[in-house]
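Architecture and fold: a report
Each chain, written out:
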Amino acid sequence: MRDCPIEKPLVSNGYTLEMTPNRLGWLQPTNPNLPIEQLRAIYRQHGYLWLKGFFEREDIMNFRHFFFTTISSAKKSFFEIVQSQEYEDFCTMPRLWNFYQAFMQGQPYLHKRKIIRFNLPGESHCTGGHYDLIYLRAGTDQLYTSWIPLGDTPIEMGGLIYLENSDALGRKMEAEFSLKNADLPLEERINAYNRNMRDGGWISTNLVEMAHRFQSRWLIANYDAGDMVIHSPYMIHAATQNNDDLNRIRLSTDIRYQRVDDTIDQRWAKNWVPDDNL
Ligand SMILES: O=C(O)CCC(=O)C(=O)O
């Protein structure tokens, strides 16, 4: 599946990605059963870990089913699902909790602001290029994002893509923003939308220009239900538009963990609600 040909152009916010080997590559999968020290080493080296088959496929498909049956029968609205016990249980399931406990060597803390996204085929907007610490500056940077596709997500459905080797770049950018932001009042300094940031906190929505500017490649993947990617808060990522011929909805969740005894960005200690400005 990894090196299969790409049949359709990949488009992100209206820009068609260049399909040349120095602008586009493949995300490297990792076996989740490797020893934990090896997983840490790969994560440090790449800024991400694509853990193939981390979950039982059935656990993911059950949650997908719960989401769609609940919403289509109007039992709960989208944001009621975001706040539901079922979703909380999914995000704290032993498979995840025990993994993070071992990986971080400490008691895990799950940020309460947990995000579910669904992207319909044909939508013209998708996630722009960014790194997560832009939105979480008031806490530790020993932070891990889990991006979990809730169903098979082949490339044409617009899964997450990563700018190769961009952890170092994100660190450099954040150091520059810290300098620029140093004189701002605290609340503005930690805000992703302050006067020194681009609108929406994106580095850019033009991924073609970004790949040129940073002389890098976007790494793409065919995700299966059961996979999980974890990425560092400095790793630059984005998405492509859902262009699925089978008309499937791209459903995913992104949730963030850290050690409970590291500084917690309290702005994220509340459920995600519309217009929370984070
Ligand atoms: O799923 C997406 O489109 C964006 C997810 C994201 O930005 C993240 O996982 O940090």
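Procedures and definitions
- Residues numbered from 1 in each chain as written.
- Predicted model: local features only at pLDDT ≥ 70, side-chain atom pairs only at ≥ 80, totals over all residues.
- Heavy atoms only, no water.
- Helix = DSSP H or I, 4+ residues; strand = E, 2+ residues; numbered from the N terminus.
- Rg over C-alpha atoms; globule rule 2.2 N^0.38 Å.
- Buried < 20%, exposed > 50% of the residue type's maximum accessible area, 1.4 Å probe, protein only.
- Contact = heavy atoms within 4.5 Å.
- Areas by Shrake-Rupley, 256 points an atom, 1.4 Å probe, with all protein chains shown as cover.
- Lys, Arg positive; Asp, Glu negative; His and termini not counted.
- Charge placed at Lys NZ, Arg CZ, Asp CG, Glu CD.
- Pairing = 2+ DSSP bridges.
- Axes fitted to C-alpha atoms, helices over the stretch in contact; angles between N-to-C directions.
- Parallel < 35°, antiparallel > 145°, perpendicular 65-115°, else oblique.
- Nonpolar A, V, L, I, M, F, W, Y, C, P; charged D, E, K, R; others polar.
- Phe/Tyr/Trp six-rings, centres within 6.5 Å; stacked < 30°, edge-to-face > 60°.
- Lys NZ or Arg CZ within 6 Å of the ring centre and 35° of its normal.
- Core = buried A, V, L, I, M, F, W, Y, C linked by side-chain atoms within 4.5 Å.

This paragraph deals with the overall build of the protein chain. Helix and strand counts for the protein chain come out as 8 helices and 13 strands. In terms of overall dimensions, the protein chain is globule-like: its C-alpha atoms have a radius of gyration of 18 Å, near the 19 Å expected for 278 residues. When its C-alpha atoms are laid out on the principal axes, the protein chain stretches across 50 × 45 × 40 Å. Looking at the protein chain as a whole, 52% of its 278 residues are labelled buried. Of all intrachain contacts in the protein chain linking residues separated by at least 6 positions in sequence, the fraction that spans at least 24 positions is 80%. Split by element, the accessible area of the protein chain, about 12,800 Å² in all, is 50% carbon and sulfur. Computed over 30 positive and 35 negative side-chain charges, the inter-centroid distance for the protein chain is 2 Å.

This part covers the sheet that holds strand E12 (residues 237-239). Strand order in the open sheet formed by 4 strands is E3-E10-E9-E12, and the pairing between neighbours is mixed. Two strands lie at the open edges of the sheet, namely strand E3 (24-26) and E12, each paired on one side alone. Neighbouring strand axes in the sheet, compared pairwise and without regard to direction, differ in orientation by 35° on average. Sheet topology places strand E9 (residues 160-163) next to E12; 3 bridges connect them, and they run antiparallel. Each residue of the ladder has a partner; that of Leu 160, found in E12, is Ala 239.

This part takes up the packing of helix H1 (residues 36-46) against helix H5 (residues 94-104). Where H1 meets H5, the axes come as close as 9 Å, and the angle between the chain directions of the two elements is 75°. When the interaxial angle is binned, H1 and H5 end up roughly perpendicular. Where H1 abuts H5, its residues Ile 36, Leu 39, Arg 40 and Tyr 43 lie against Phe 99, Ala 102 and Phe 103. Grouping the constituent residues of the contact of H1 with H5 by class yields 6 nonpolar, no polar and 1 charged.

So, on to the environment of Phe 214. Here Phe 214 shows up in the loop between helix H8 (207-213) and strand E10 (218-220). Remark: the alpha-carbon pair of Phe 214 and Leu 163, spanning 51 residues in sequence, is separated by 9.0 Å. In contact with Phe 214, not counting residues within four places along its chain, are Leu 163, Leu 169, Met 173 and Ile 203.

Quick look at the packing of aromatic side chains now. Under the definition given, this model contains 25 aromatic pairs. Residues Tyr 131 and Tyr 234 carry aromatic rings whose centres are separated by 6.3 Å and whose planes lie at 35° to one another, so their mutual orientation is tilted. Of this pair, Tyr 131 sits in the loop between strand E7 (115-119) and strand E8 (143-149) while Tyr 234 sits in the loop between strand E11 (228-231) and E12; the two residues are 103 residues apart in sequence, bridging distant segments of the chain. Here Arg 95 stacks its cationic end above the ring of Phe 54, 3.9 Å away from the centre of that ring.

Ranked by size, the top nonpolar core spans 36 residues in total, and within it Leu 96, Phe 99, Ile 116, Ile 148 and Met 228 carry the most contacts. Top element by residues in this core is H5. It accounts for 5 residues. Setting aside anything within four residues of it in sequence, one finds Ile 148 in contact with Phe 55, Ile 60, Phe 90, Leu 96, Asp 227, Met 228, Ser 252, Thr 253 and Ile 255. Formed by 29 residues, the second largest nonpolar core is a distinct cluster that contains Leu 17, Ala 211, Trp 218 and Ile 236.

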